[in-house]
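Descriptive analysis of the structure
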Amino acid sequence: MADENSSLRLGDSDRNAAIDALSGHYVEGRLTLEEFDERSSGVMSALTFGALDPYFEGLPGGVPIQPGAPGGVRGSTAVAPAEAERDLAELSRKGRVMDKVDGVAFTLAAVFFFTNLFIFHLPYGWLAWLAAIGVSLVGRAIVDFDDKDEEVWEEVKEKESQERAERLKIALERRRALEK
């Protein structure tokens, strides 16, 4: 950043744009949660554009805002947090739909297969499994849910499960502390 602009004071929209850029770097995995918290706190207390330099050190694009462009982001490579949140929400929606489609399709296939096998003694009950796979594949095509999406969705579910388990553990510890 040019020295002449480093002493210019930041506005709230400038700080918010800087925080958004840091959020993008966090989402991309360039910052740990601790680094993000530390840098965000520093940005929120920064008074001038020059004071932002240390908080963007080591990140692609450097300080992403410039004086004269309120909240304006200068060519940053980071993903905007709002865009990342929309993508995650869309992935979650698609993932939940596919989980339901798969659950229904394979449950019905199991019922049909075992009913045919043990009650009606009809051959070809195994075709129910092929039908379930077909329903699953067609559902994925309709929802536009590919293998990469499924991998990420599984990671998201695992992370949510771990976070929930941690919240429950904390709640249990608090309950035990209150009971004493």
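Nothing here was measured: the structure is a model prediction, and the numbers come from that model.

The rules behind these values
Residues numbered from 1 in each chain as written. Predicted model: local features only at pLDDT ≥ 70, side-chain atom pairs only at ≥ 80, totals over all residues. Heavy atoms only, no water. Helix = DSSP H or I, 4+ residues; strand = E, 2+ residues; numbered from the N terminus. Expected span 1.5 Å × (residues − 1). Buried < 20%, exposed > 50% of the residue type's maximum accessible area, 1.4 Å probe, protein only. Arc of directions from axis to C-beta. Contact = heavy atoms within 4.5 Å. Lys, Arg positive; Asp, Glu negative; His and termini not counted. Salt bridge = Lys/Arg side-chain N within 4 Å of Asp/Glu carboxyl O. Polar contact = N/O pair within 3.5 Å; in protein donor to acceptor, adjacent residues only side chain to side chain. Core = buried A, V, L, I, M, F, W, Y, C linked by side-chain atoms within 4.5 Å.

Looking now at helix α3 (residues 33-45). Here α3 spans 18 Å end to end across 13 residues, near enough to the 18 Å set by a 1.5 Å rise per residue. Among all positions of α3, only F36, R39, S40, G42 and V43 are buried. In a view along the axis of α3, the buried residues occupy a sector of 160°, so they form one face of it. Exposed residues on α3 whose side chains face more than 90 degrees from its buried face are E34, E38 and S45. Tucked into the core, α3 has its buried residues touching α2 (12-27).

The next point concerns the side chain of R39. Secondary-structure assignment places R39 in helix α3. Buried charge without a salt bridge: R39, with E35 as the nearest opposite-charge side chain at an N-O distance of 5.0 Å. Within the structure, the side chain of R39 is placed 2.9 Å from the backbone oxygen of Y55, a separation counted as a polar contact. Each residue touching R39, except ones within four places of it in the same chain, is listed here: L22, L31, Y55, F56, E57 and L59.

Attention now goes to the nonpolar core. Of all hydrophobic cores here, the largest spans 16 residues; its most connected members are L10, L22, V43, L52, F56 and I65. Contributing elements (two or more residues each) for this core: α2 and α3. Take this core: its biggest share by element is five residues, from α2. For V43, the contacting residues outside a window of four places in its chain are R15, A18, I19, L22, L52, Y55 and F56. In this structure, L91, F145, W153 and V156 belong to the second largest nonpolar core, which totals six residues.

With respect to the helices and strands, L47 occurs in the loop between α3 and α4 (81-120). Separated by 35 residues in the primary sequence, L47 and D12 have C-alpha atoms spaced 10.0 Å apart. Sequence-distant contacts of L47, defined by excluding residues within four places in its chain, comprise L8, R9, L10 and R15.

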